[in-house]
Amino acid sequence: MLLKNRLHNTLSEIGQAWTLFFQTLVQIFRPPLQFDLLTKQLLLVGFNSLAVVLVSGFFTGMVLGIQGYIQLKPFAVEGSVARFVCVSVVKELGPMITAFVLAGRIGASITAELSTMKVTEQIDALEVMGTNPVKYLVVPRFLACAIMLPTLTIFSTFAGIAGGFIAVVSLFDVNGHFFLLEVQRNLFVASVLVSLIKATSFGMAIAAVGCYKGFSISTAGGAEGVGTATTGSAVISLIAILVLDFILNHILFNILGWV
Amino acid sequence: MILVKNIWKNFGGKSVLNGLSLEIPRGETLVIMGRSGCGKSVLLKIITGLLAADAGEIWFDGTEISQLNAKQLNAIRRKIGMLFQSAALFDSMTVAENIAFMLDQHTKLTHAEMRKIVDEKLSLVDLEGVQELRPAELSGGMRKRVGLARALAFNPEVIFYDEPTTGLDPVTCNEINQLIRDLHEKLKVTSVVVTHDMHSAFSVATRMAMIHEGKQIAYGNPDEIINNDDPILQQFILFGAPDQILNMANPVLQEFIGKRDR
């Protein structure tokens, strides 16, 4: 009985989350788009996350460079370390690290803000005043995450490659010019496209989960409900990113045969 | 003006409203009383379209609102102002931005025109010079006043007050009650006040309704309510209303007074 109830609740939550997602898509194309709200969210998501994304990307690249060199050296192919860093950062770790940072930083903050608004009846107030809360609150956050995640991923990817370059060139006997040449040789348009597709999908997932968890709290949830929703949002976002990554890898590389 | 017909609502199997019917006449201040959890606030949310009833009808000026699409419902909502229990001010905005919110969203008024309306509404609620403050910088009473000014911004035909005096000190409660009376006289609006505060109820009401276990058990003007024989109503009045307004000759009330004083 308990299992049945839990399954029922989970399915019901998934249904509600998809409903909110589709409502958001509909509202995006329903004018007017409030550019002031979007600009505010773009700054909040993008500009304010730039430093942490750059630092995370840079150190991830450094670790990749060190590990890559150490693992490849016994096979005498340490010259491929640039390729290893470049492919890993562009196709996987760039979008992934950026998404993880934003899931913790932005996804959780979206949930905390919206759930507090729900508990304090601010969302009810919006509705009573004839303003659609999905249009006013969700659309700007959703668009900001969908636009800013690929943008930040570009910065994170550059930081990752730079980190790998600095680590490998400064710590090991690898020629810097050769490293950059290898990066250039292995940086394909398709790889960048994969990176951007992944980042956009992760951005939409983070915003959708963050907004849904914020909206789904009951008015009687109180401070405890806000805390639970915020933690839940970060955890679900991280899992959603990993699942999405698998699905996209399968579709893009396995089914469509991209390199 | 508003007709509530046979409304049913339950949450997770728990019945909150059981076939409730109610009439809200134009120009009156109707106080809806009842114990905590009796469904007063749920009724308010159903009337304003925030919640959907399981069954029943809500008629607003001859239009049944459950049949309306979002656009039509929003058109009705523009005739409504609501003061929430917690005031529900947008804490990311200033007082002026809060009050001007509806104007900004639904009109093409200039900044100066909106500013004029904001000042006018703030003076209606006896609050001035707070335009640039944030809600967090206001006291409980001030927040309610700003919430009321925001509810008035679009010149509503009906104002809903959800527990307007909850959490306020007696002096501020009295000021809010006075404000509700003043607005009713000045603006000639229809007011619906949901409360379990009997001092406030008898202070502002021109008509009263009592809800118990999701149904209306009494309805009338304050005199009719005081003289009503329903024991649940009399018990509610006795324990909440000031003694000077009680009808001591009412036999039902006398029975409860006997129990109270024992």
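Procedures and definitions
Residues numbered from 1 in each chain as written. Chains lettered and ligands numbered in written order. Predicted model: local features only at pLDDT ≥ 70, side-chain atom pairs only at ≥ 80, totals over all residues. Helix = DSSP H or I, 4+ residues; strand = E, 2+ residues; numbered from the N terminus. Rg over C-alpha atoms; globule rule 2.2 N^0.38 Å. Buried ≥ 20, exposed ≤ 12 C-beta atoms within 10 Å, placed from the backbone. Contact = placed C-beta atoms within 7 Å. Nonpolar A, V, L, I, M, F, W, Y, C, P; charged D, E, K, R; others polar. Core = buried A, V, L, I, M, F, W, Y, C linked by C-beta atoms within 7 Å. Axes fitted to C-alpha atoms, helices over the stretch in contact; angles between N-to-C directions. Left-handed = near helix turned anticlockwise from the far one by under 90°. Expected span 1.5 Å × (residues − 1). Bend = angle between axes of the 7 residues up to and from the residue. Pairing = 2+ DSSP bridges. pLDDT = per-residue confidence, 0-100.

Student: Whenever I open this one, the overall build of chain B confuses me. Can you help?
Tutor: When you go through chain B residue by residue, the secondary structure sums to 10 helices and 10 strands. The globule rule puts the C-alpha radius of gyration for 262 residues at 18 Å, and the 19 Å found for chain B is close to it. With respect to the principal axes defined by its C-alpha atoms, chain B has extents near 60 × 45 × 35 Å. Classification of the 262 residues of chain B by burial places 43% in the buried group. Summarising the internal contacts of chain B: among those between residues at least 6 apart in sequence, 62% fall at separations of at least 24.

Student: Even after reading the chapter, I still don't get the overall build of chain A, so can you show me in this structure?
Tutor: If you tally the helices and strands in chain A, you get nine helices and zero strands. In terms of principal-axis extent, the alpha carbons of chain A reach across some 65 × 50 × 35 Å. In chain A, which comprises 259 residues, the share counted as buried stands at 46%. Contacts in chain A between residues far apart in sequence, at least 24 positions, make up 88% of those at least 6 positions apart.

Student: Hey, could you run me through the interface of chain B and chain A in this one?
Tutor: For interface size, the figure often reported is the accessible area lost on association. Facing the 15 residues of chain B at the interface are 10 residues of chain A. Across the side of chain B that touches chain A, the residue classes tally to eight nonpolar, five polar and two charged.

Student: Sorry, what's going on with unusual backbone geometry here?
Tutor: Of note, the amide linkage connecting Pro 31 of chain A to Pro 32 of chain A takes the cis form, showing an omega dihedral of 0 degrees. On the secondary structure map, Pro 32 of chain A appears in the loop between helix 1 (2-28) and helix 2 (35-45).

Student: Which parts of the structure should I look at to understand the nonpolar core?
Tutor: The nonpolar side chains of soluble globular proteins are, as a tendency, buried together. Core analysis: the biggest nonpolar cluster contains 136 residues, and Ala 99, Phe 142, Cys 145 and Ile 206 of chain A have the highest contact counts within it. If we skip the residues at most four places from it in the chain, Phe 142 of chain A touches Thr 24, Met 204, Ala 207, Ala 208 and Cys 211 of chain A.

Student: What is the right way to read the packing of helix 3 (residues 50-72) of chain A against helix 4 (residues 81-119) of chain A from this model?
Tutor: Think of two packed helices as two axes; the pair is described by the angle between the axes and how far apart they sit. All names here are of chain A. One can describe the packing of helix 3 onto helix 4 by two numbers: an axis separation of 9 Å at closest approach and a directional angle of 145 degrees. Here the hand of the crossing between helix 3 and helix 4 comes out right-handed. Here helix 3 contributes Val 52, Val 53, Ser 56, Gly 57, Thr 60, Gly 61, Leu 64, Gly 65, Gly 68, Tyr 69 and Leu 72 to the contact with helix 4, which in turn contributes Val 81, Phe 84, Val 85, Ser 88, Val 89, Leu 93, Gly 94, Ile 97, Thr 98, Val 101 and Arg 105.

Student: What is the right way to look at helix 6 (residues 133-171) of chain A in this model?
Tutor: One full turn of an α-helix is made of 3.6 residues, so residues set three or four places apart face in the same direction. Between the first and last C-alpha of helix 6 of chain A there are 53 Å, a value that for 39 residues agrees with the 57 Å anticipated at 1.5 Å per step. In the structure, helix 6 of chain A departs most strongly from a straight axis at Val 139 of chain A, where the bend amounts to approximately 35 degrees and where the proline Pro 140 of chain A lies between one and four residues downstream.

Student: Help me out: how do you make sense of the sheet that holds strand 10 (residues 215-220) of chain B in this one?
Tutor: Where strands meet in a sheet, backbone hydrogen bonds hold them as pairs that are either parallel or antiparallel. Residues and elements named next belong to chain B. If you trace the six strands from one edge of the open sheet to the other, you get 6-7-8-3-9-10, paired in mixed fashion. Looking along the sheet, the strands with just one partner apiece sit at the ends: strand 6 (80-83) and strand 10. Each neighbouring strand pair of the sheet contributes to a mean axis angle of 15 degrees, computed without reference to strand direction. Taken together, the five bridges between strand 9 (residues 207-212) and strand 10 define a ladder with antiparallel strand orientation. Following the sheet pairing, Ala 209 is matched in strand 10 by Tyr 219.

Student: Please clarify how the confidence of the model for chain B should be interpreted in this entry.
Tutor: Fine structural detail should not be taken from predicted coordinates in areas where pLDDT scores are low. When pLDDT is averaged along chain B, the result is 88, and 92% of the positions lie at 70 or above. At the level of individual helices and strands, chain B shows its lowest average pLDDT in helix 10 (residues 251-261) of chain B, which scores 66, and its highest in helix 3 (residues 95-106) of chain B, which scores 94.

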